[in-house]
Amino acid sequence: MLGVLRIQGALATAGHARLLSARLLASKSTTDMTTNRGESTQSAATEHFDIIIGGGGLVGTTLAAALAKNSTLADKKVLLLEGAPEFRGFNPTGPYQNRVSAINHNSIELFKSIDAWTHIESARYKPHDNFASDVACIIENDLILDAVYARVKEAPNVEILNKARIQCVRLPRDSNSNLSELQLQDGRSFSCDLLIGADGANSVVRKEMNVDVFSLNYDRMGLVATLELGEDACDNSVAWQRFLPNGPVALLPLTDRLSSLVWSTTNEQAKMLQALPPTEFVDALNEAFCRQYPRVELADKAVQALNSLFGHNGSQHQVQYPPRVCGVLDKSRATFPLGFLHASSYVCNGAALVGDAAHRVHPLAGQGVNLGFSDVRFLVESLAAGAYAGFKLGDKQHLIKYERKCLAKNVPIMLGVHGLHTLYATQFSPVVLLRSLGLQLTQNLPPVKNLFMRGAMGQ
Ligand SMILES: Cc1cc2nc3c(=O)[nH]c(=O)nc-3n(C[C@H](O)[C@H](O)[C@H](O)COP(=O)(O)OP(=O)(O)OC[C@H]3O[C@@H](n4cnc5c(N)ncnc54)[C@H](O)[C@@H]3O)c2cc1C
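Each value, and the rule that gives it
The residue count restarts for each chain, going from 1 along the sequence in the order it is written. Whole-chain, interface and lining totals are the exception, using all residues; otherwise, since this is a predicted model, local features are given only for residues with pLDDT of at least 70 and side-chain atom pairs are given and counted only at 80 or more. To get the side-chain values, take all heavy atoms of the structure and skip hydrogens and water. Here, axes are lines fitted to C-alpha atoms. For helices the fit covers the stretch in contact, and angles between N-to-C directions go from 0 to 180 degrees. Here a helix means four or more residues in a row that DSSP labels H or I, a strand means two or more in a row labelled E, and each is numbered from the N terminus. By the definition adopted for this analysis, an angle is roughly parallel if under 35 degrees, roughly antiparallel if over 145, roughly perpendicular if from 65 to 115, and oblique otherwise. For a crossing to be left-handed, the near helix must be turned anticlockwise from the far one by less than a right angle; the clockwise case is right-handed. Should any heavy atoms of two residues lie within 4.5 Å, those residues are considered in contact. Amino acid classes used here: Ala, Val, Leu, Ile, Met, Phe, Trp, Tyr, Cys and Pro are nonpolar; Asp, Glu, Lys and Arg are charged; the rest, including Gly, are polar. It suffices for a single heavy atom of a residue to lie within 4 Å of a molecule or strand for the residue to be listed as near it. For the purposes of these results, a polar contact is taken to be a pair of N or O atoms within 3.5 Å, where, inside protein, one atom must be able to donate a hydrogen and its partner to accept one; residues adjacent in sequence count only when each atom of the pair is a side-chain atom. Areas reported as accessible are Shrake-Rupley estimates using a 1.4 Å probe. Residue values count occlusion only from the protein chains shown. Accessible area is worked out with a 1.4 Å probe on protein chains only. A residue is then buried under 20% of its type maximum, exposed over 50%, and partly exposed in between. For two strands to count as paired, DSSP must find a minimum of two bridges between them. Within this document, salt bridges are pairs made up of a side-chain nitrogen of Lys or Arg and a carboxyl oxygen of Asp or Glu, the two lying within 4 Å of each other. Each nonpolar core is a collection of buried residues, namely Ala, Val, Leu, Ile, Met, Phe, Trp, Tyr and Cys, held together in the definition by side-chain atoms within 4.5 Å.

Undergrad: So what about the packing of helix H2 (residues 105-113) against helix H9 (residues 368-389)? Which residues, and what values?
TA: Between H2 and H9, the shortest axis-to-axis distance is 9 Å and the interhelical angle comes to 45 degrees. Between H2 and H9, the angle is such that the two are oblique. Note on packing geometry: the crossing formed by H2 with H9 is left-handed. Here Asn-106, Ser-107, Leu-110 and Phe-111 of H2 come into contact with H9, specifically with Asn-370, Phe-373, Val-376 and Arg-377. Per-class residue counts for the contact of H2 with H9 are four nonpolar, three polar and one charged.

Structure below.
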């Protein structure tokens, strides 16, 4: 018997979350779980893995593929646990999906290194040419998942369990204790040397790690949709973003005549836009991209000064407009809550966090999942180096190196994106003036816009 622990976890039932206190009585061979009301007790044999990944979204599944591909870690037994039913696959000849990601150069390199890129390339994706030398592109989320899931299914050392929702977790108190343990909602239990939380922004693993979390609800929704464009789209190879008083609206190219929409706005406006008849919705969107806002004299002067600093004549710069939207695909509109989250630490003895479980950021710079893929790269490199040097997989002394690399990369980007959101979202003067300046800067001043965007694209 290893001991008794009281754990609080969130259990979602029919859309309503209710708190459940569970008591985990763990031993090496059996695990019993009893709710705080003593409703049920289940026992199951505890199976052991070297590494368990909790959460098979984009980041968790890519991590499983990257672990399987790494030759130093090839002898490690890995379990991927996903709460949802098995992924149904991606149909490259089917309708375009409304969830897409702007993928940066570093993420593409990761896909290449795990043999997932040819799968994506041979299906469908759209490179865009905002930057002459950049290979960044827009890819449907399910296509990325399809590519990495195929690699995981081929891996002899990785097991996948679907409908496997982690209910509670127990982590070693110090580096002398050996195992991390977890129990699923259906009563099955597992132990491992390292538990990786890839279970998204409401991570159960993170809660048990007992790390401080800084989180903000932006009171904004991201409205997504698949849009049909007019003939002025030409080859539609440019991503557009405009900062509006309620938040940015972006068009991400999918094909010559289709783009994906991400419109960040207040909860009320998002719900209203989602419910509008298609023609009225399209009118509202075209109006959002083309409407002129009053110019601010001070901002204009600042833009001119910055233009001359970069050797550009701002007054000659023509404001460009995106292609006209002429339709929205049926049932493609959906909304997602937006927020900011950052865990103060990504590691502890026996556990580590990746992706949205560690950090969540506004989609205005297309960074969220790219940061998650960068975590994957850093974690696999660190684990391989640690295994080679003889460290235990869950040893915090070694995991901390992973955390340091992530923090150095993630924190400046997250602060920058959060700062931009705050600048545009604040209604009070004098920030409104700065916002006007920022709006004109990002729309009318190519060098400044490109500097910011290059950072966002991982260059
Ligand atoms: C509107 C919008 C647009 C975006 N656009 C971009 C973009 O262009 N570029 C970009 O880089 N990022 C973008 N993002 C961010 C990106 O979508 C997220 O960062 C990314 O999906 C996070 O992936 P993840 O695997 O870490 O987490 P998630 O996608 O949240 O996956 C977590 C997985 O864990 C599973 N899970 C959860 N709890 C449990 C449990 N207890 N037990 C077992 N399994 C569990 C879930 O079922 C899920 O499959 C956007 C986000 C939004 C909302």
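Undergrad: Outline the site of the ligand, listing residues and values.
TA: In the neighbourhood of the ligand, 29 residues make up the surrounding shell, with Glu-82, Ala-102, Ile-166, Asp-356 and Val-369 lying closest. Val-369 is positioned such that a nitrogen or oxygen atom in its backbone is 2.8 Å from an oxygen atom of the ligand. The separation between an oxygen atom of the ligand and a polar side-chain atom of Asn-370 is 3.1 Å. The fraction of the free accessible surface of the ligand (1,000 Å²) that becomes covered by protein chains is 84%. Elements represented by at least two residues in the shell around the ligand include exactly helix H1 (58-69), strand S6 (100-103) and H9. In terms of residue class, the shell around the ligand is built from 13 nonpolar, eleven polar and five charged.

Undergrad: Could you give an account of the pairing of strand S10 (residues 166-170), with specific residues and numbers?
TA: Of all five residues in S10, five are buried, a share of seventy percent or more. Looking at chain direction, S10 and strand S11 (residues 180-184) are connected through four bridges and run antiparallel. Bridged to Ile-166 within S11 is Leu-184.

Undergrad: Give a description of the pattern of salt bridges that names residues and reports values.
TA: Counted according to the given criterion, the structure contains ten salt bridges. A salt bridge links Arg-124 to Glu-140, with the shortest nitrogen-to-oxygen separation between them at 2.9 Å. Here the residue Arg-124 occupies a position in the loop between helix H3 (117-122) and strand S7 (126-127), and Glu-140 occupies one in strand S8 (residues 137-140), the gap between them amounting to 16 residues.

Undergrad: Provide a residue-level description of the sheet that holds S8, including the pertinent values.
TA: Remark on secondary structure: sheet strands pair via backbone hydrogen bonds, oriented parallel or antiparallel. With antiparallel pairing, three strands are arranged side by side in an open sheet as S6-S8-S7. Strand pairing shows two members of the sheet lacking a second neighbour, S6 and S7, which therefore form its edges. Strand direction decides the pairing type here: S6 and S8, joined by four bridges, are antiparallel. Among the inter-strand pairings, Ile-103 is bridged to a residue of S8, identified as Cys-137.

Undergrad: Summarise the nonpolar core; cite the residues concerned and give the values.
TA: Most often, soluble globular proteins keep nonpolar side chains buried together rather than apart. With 76 residues, the main nonpolar core has Ile-53 and Leu-81 as its most contacted residues. When near neighbours in sequence (up to four residues on either side) are disregarded, Leu-81 contacts Ile-52, Ile-53, Gly-54, Gly-55, Gly-56, Leu-161, Ala-164, Ile-166, Leu-182, Leu-184 and Phe-190. Ranked by size, the runner-up nonpolar core spans 19 residues in total, among them Leu-244, Val-249, Trp-263 and Phe-289.

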